[in-house]
Amino acid sequence: MDYLFPPPPVVTVPVLGRPERFPVHRIYCVGRNYEEHAKEMGFTGREPPFFFLKPADTVVVCEAGQTATIPYPSLTSNLHHEIELVIAIGKGGSNIAAAQAHEHIFGYAVGLDMTRRDLQSDMKKQGRPWCIGKAYDHSAPIGPITPAADVGAINQASIALTVNGANRQSSTIDKLIWNVAETIEHLSKAWELQPGDLIYTGTPEGVAAVVRGDTLHGMIDGLTPIAARVD
Ligand code: MN
């Protein structure tokens, strides 16, 4: 087939211990999925899950043992970090029951749902889409994917983020309002999941701003930690 111009490259994420890379299809994100984070954003913490998307090419790969670069985005003066567990889908499907969700999970990674909070807040106030606050270029840093078979009890893992060595976010995955399996159940009612989909599951409390020169370290027990510098 001839194209008018070169088609965009496939976005991929490395897989721990495997030569093959994970080709990204879509990036789904869960909003306000930890009670204490929902509260800090002014909500009650109890509501059905809701979702937004980022384009696949917003991924910033954080290779193991390296410090990735996150370009400071345009239009904002309040760039927030959100450390999140990311589910990597290996088998697609619709209407997946929570009890079968594990069959669809290829693995897990540490991710950052970077957010232009000032722009997101403006859009919220006006009842407009969040895209400009959430789905901007380079907004989805992610570390290597660990196959689920090699991950222990992910639902019990701790999750944490430091900025310049200082603790910013610290929680456990069992505090998710909608856990991994329930998130897949809800999400797959609304969209047909495909191999290559990534699901950012939501962030715990402690979101705050970063500035140029800050270095972020994100970790989840059992997964490859990530490091990234805001430039
Ligand atoms: Mn988030």
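In what follows, the structure referred to is the one given above.
Just so we're clear, the structure is a prediction, and the values are computed from it rather than from any experiment.

Q: Teacher, can you tell me more about the overall build of the protein chain here?
A: Secondary structure assignment for the protein chain yields four helices and 18 strands. In terms of its C-alpha atoms, the protein chain occupies a principal-axis envelope of roughly 45 × 40 × 35 Å. Within the protein chain, buried positions represent 51% of all 231 residues. If you take every contact in the protein chain between residues at least 6 apart in sequence, the share linking residues at least 24 apart comes to 77%. By element, 53% of the accessible surface of the protein chain is carried by carbon and sulfur atoms, the whole surface being about 10,500 Å². Treating the 19 positive side-chain charges of the protein chain as one cloud and the 25 negative ones as another, the clouds have centres 5 Å apart.

Q: What exactly am I supposed to notice about empty space enclosed by the protein here?
A: A water-sized probe, rolled over the atoms, reveals where empty space remains. A complete count under the given rule lists one cavity of 30 Å³ or more for this structure. Lining the largest cavity are 16 residues; nearest its centre among them are Gly 31, Arg 32, His 37, Glu 82 and Lys 134. A per-element tally of the lining of the largest cavity places helix H2 (residues 117–126) first, with three residues. Within the lining of the largest cavity, the residues separate by chemical class into four nonpolar, five polar and seven charged.

Q: Could you clarify how one ought to interpret the nonpolar core in this entry?
A: Note on soluble globular proteins: their nonpolar side chains tend to be buried together. Tyr 108 and Ile 184 are the most contacted members of the largest nonpolar core, which has 42 residues in total. Val 13, Phe 52, Ile 145 and Leu 198 belong to the second largest nonpolar core, which has 19 residues in total.

Q: What am I meant to see in the coordination of the manganese ion here?
A: Perfect tetrahedral coordination of a metal by four donors corresponds to 109.5 degrees between them, and perfect octahedral coordination by six donors corresponds to 90 or 180 degrees. Glu 82 (OE), Glu 84 (OE) and Asp 113 (OD) make up the full set of protein donors to the manganese ion, lying at 2.0 to 2.1 Å. Along the chain, the residues donating to the manganese ion fall in the pattern E-x1-E-x28-D. You can see Glu 82 sitting in the loop between strand E7 (79–80) and strand E8 (83–89) and its partner Asp 113 sitting in the loop between strand E9 (105–112) and strand E10 (115–116), a full 31 residues away along the chain. Glu 82 gets classed as buried once you look at its relative accessible area, which sits at 4%. Taking relative accessible area as the criterion, Asp 113 reaches 1% and is therefore assigned buried.

Q: How should I be thinking about the environment of Gly 93 in this particular structure?
A: Considering the arrangement of structural elements, one finds Gly 93 in the loop between E8 and E9. Since its relative accessible area comes to 15%, Gly 93 is described here as buried. Each C-alpha atom of the pair Gly 93 and Gly 127 lies 31 Å from the other, and the pair is 34 residues apart in sequence. Each residue touching Gly 93, except ones within four places of it in the same chain, is listed here: His 104, Ser 188, Trp 191, Glu 192 and Leu 193.

Q: Would you mind showing me how to read the environment of Pro 73 here?
A: In this structure, Pro 73 sits in the loop between strand E6 (68–70) and E7. Residues in contact with Pro 73, not counting those within four places in the same chain, are Leu 79, Arg 116 and Tyr 136.

Cut-offs applied
- Residues numbered from 1 in each chain as written.
- Predicted model: local features only at pLDDT ≥ 70, side-chain atom pairs only at ≥ 80, totals over all residues.
- Heavy atoms only, no water.
- Helix = DSSP H or I, 4+ residues; strand = E, 2+ residues; numbered from the N terminus.
- Buried < 20%, exposed > 50% of the residue type's maximum accessible area, 1.4 Å probe, protein only.
- Contact = heavy atoms within 4.5 Å.
- Areas by Shrake-Rupley, 256 points an atom, 1.4 Å probe, with all protein chains shown as cover.
- Lys, Arg positive; Asp, Glu negative; His and termini not counted.
- Charge placed at Lys NZ, Arg CZ, Asp CG, Glu CD.
- 1 Å grid on protein atoms, 1.4 Å probe; cavity = no way out; pocket = protein on both sides within 12 Å on 5 of 7 lines; lining within 4 Å.
- Points joined across faces, edges and corners; volume = space filled by probe spheres on them.
- Nonpolar A, V, L, I, M, F, W, Y, C, P; charged D, E, K, R; others polar.
- Core = buried A, V, L, I, M, F, W, Y, C linked by side-chain atoms within 4.5 Å.
- Donors = N, O, S within 2.8 Å, 3.2 Å for Na, K, Ca; no water.

Purely geometric numbers; function is a separate question.
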